[in-house]
Each structure stands twice: as C-alpha cells, then as structure tokens.
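Coordinate inspection notes
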Amino acid sequence: VSVGAVHLKPFTLKLVLDRLHIGERDGKSPFVDVDQVVVNASWTSLFRMAPVLDALSLQHPQLHLARTAPQQFNFSDILARLRSEPSKPDDKPARFSVSNISVHEGDITFDDAVTHAAHHIDHLELGIPFIANLPHDTDVFVQPLLAMNVDGSPLRITGDTKPFAESRESTMAFSLNHLDLPRYLGYVPESLPVAIKRGQLSGKLELHFVQAKSGPQIRLGGTLRMDDLALATPGGAPILEAHDAS
C-alpha cells in the first residue's frame, strides 16, 4: 500500500489521500488504485466511539479483478484471512455511519482465466445517500445513482429524493428480466451449499433510504419471480425443480 500525498485539515476533520495504491501479493500487479479519496469525518465520532463520516468520495478508482480457478480470485487470500480470525461470543456488529457516498469515473477490469474471457466496466458513477446502523443527523445531499458502461453497453439507474420530507427519503428502482443465475453465480467467491443447475430471476425491486427519528434505515421491497429452477446437491443429485416460483 502506498499513498502519494496526505492532506489533513484538523479542525474540520477533512482527510484527502492522493494516488492511493494497493498492489497484489506479488508487489507488482495492480489491484486497487484511486486518484483521490476525500473523507469528511465528524467530531461526533469521538462521543459515539464509532466512525461517523459526513461524506466519502472516490475519484477515478481503478479495480483489477481476476478469477484464476473456480471460486478462486486474486482477493481470495483476503477472504481466507478474515475467516481465520477467531470470533468472540460477545462480539457485536460494528457501529458506523457513512453518509453521502460518491464514486466518480470508476474503472473495473475483470479477467476470467476459467472461461478465457475479459470484461470491462468504465465511466462508473455511484451515489449512495448513506449506509449506517448508527443514528446520526447529517445533511444528505447525494442522490441515488448507478451508471456505467459494461463492455461498451451503457447502463444508468437513477433515484428520486424527497428533499422537503422530514425523513429525506430516497428511492432507487431496479428491474430484472430473466437473469441467468448459473451464469452469474459462478463468480461467487465462496462455494454454495447447493448447485443451481437452472434458473432465471425476474422482478422489480425498490431500495429506500429513510432518515427516521430512530436512525437511518435502508429498506428493500418488491417482487421476485423464478422460472425453470433446478437445484441439486454439490454431487449432482437433484433436490428441487420448479417451473414458476414467486
């Protein structure tokens, strides 16, 4: 890990990292590069004894992913290290609050040595109002957004915000149309307890960001439909077949 320059404003707790670089295990191949990371921390982090960020911005993040074998990726060693850390019986989920998350001009390359294919996502723009499990009253100014070019094909999903509502509710709608599950579940980094031989997923979902009095809430609602589903054991023995499931 290396950083080109660090800029800190102690009174406003604004941290800027220029040219953040994270290499792979060989120390040569690139894994993550970010032109600039801007973190606006809040002084309430001290009183809550938990990280509270008023804004987080990434400018031109570049991520290189590679699948070297089934369920093996160039980040599998990180997952293995996290799994090896012993958990304590009294461990509780980490408390945090991150608001106004934005990503600009993201770039992701994916090399698949299993299928001998390469994929490229560029011009990635992402806006998330907040992700938090800790109550924190802050000005939310980022609207939900997901836009990118996937192998040259443009994709854009925008959300709506109720700026004058007390809850500052924002929504983002997604639609799926016969998504081929076996094709995409092959990229899951962990082995699944069952094998999905066939299955197409369709539906409409809405993601709600609500700043309630009890704290920030993220709700997911909608309907999903599964067509031509076939499940089997890892050894191939059939478990379930269904032509229609909602």
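A brief look at the structure comes next. (Residues numbered from 1 in each chain as written. Predicted model: local features only at pLDDT ≥ 70, side-chain atom pairs only at ≥ 80, totals over all residues. Heavy atoms only, no water.)

Some points on the side chain of N100
- Within the secondary structure, N100 is located in strand β6 (residues 97-112).
- Accessibility expressed as a relative area gives 2% for N100, which makes it buried.
- Within polar-contact distance, the side chain of N100 engages the backbone oxygen of D139 at 2.9 Å.
- Engagement of the side chain of N100 in a polar contact is seen with the backbone nitrogen of F141, the distance being 2.7 Å. (Helix = DSSP H or I, 4+ residues; strand = E, 2+ residues; numbered from the N terminus. Buried < 20%, exposed > 50% of the residue type's maximum accessible area, 1.4 Å probe, protein only. Polar contact = N/O pair within 3.5 Å; in protein donor to acceptor, adjacent residues only side chain to side chain.)

Considerations on the pattern of salt bridges
- Scanning the model with the defined rule gives 6 salt bridges in all.
- Notably, a salt bridge pairs R81 with D77, separated by 4.0 Å at the nearest N-O pair. Of this pair, R81 and D77 both sit in helix α2 (residues 76-84), 4 residues apart, which is roughly one turn of that helix.
- For R198, the salt bridge goes to D228, with nearest N and O atoms at 3.1 Å. (Salt bridge = Lys/Arg side-chain N within 4 Å of Asp/Glu carboxyl O.)

Observations regarding the pairing of strand β2 (residues 14-23)
- The sheet contact formed by strand β1 (residues 5-9) and β2 spans 5 bridges and is antiparallel. Of the residues in β2, the one forming a bridge with V6 is L17.
- Note that β2 and strand β3 (residues 30-41) share 9 bridges and pair antiparallel. Its bridge partner lying in β3, H21 is registered against D33.
- Where β2 folds back on β3, the antiparallel hairpin that results is connected by 6 residues, among which G27 adopts a positive phi of roughly 75°. (Pairing = 2+ DSSP bridges.)

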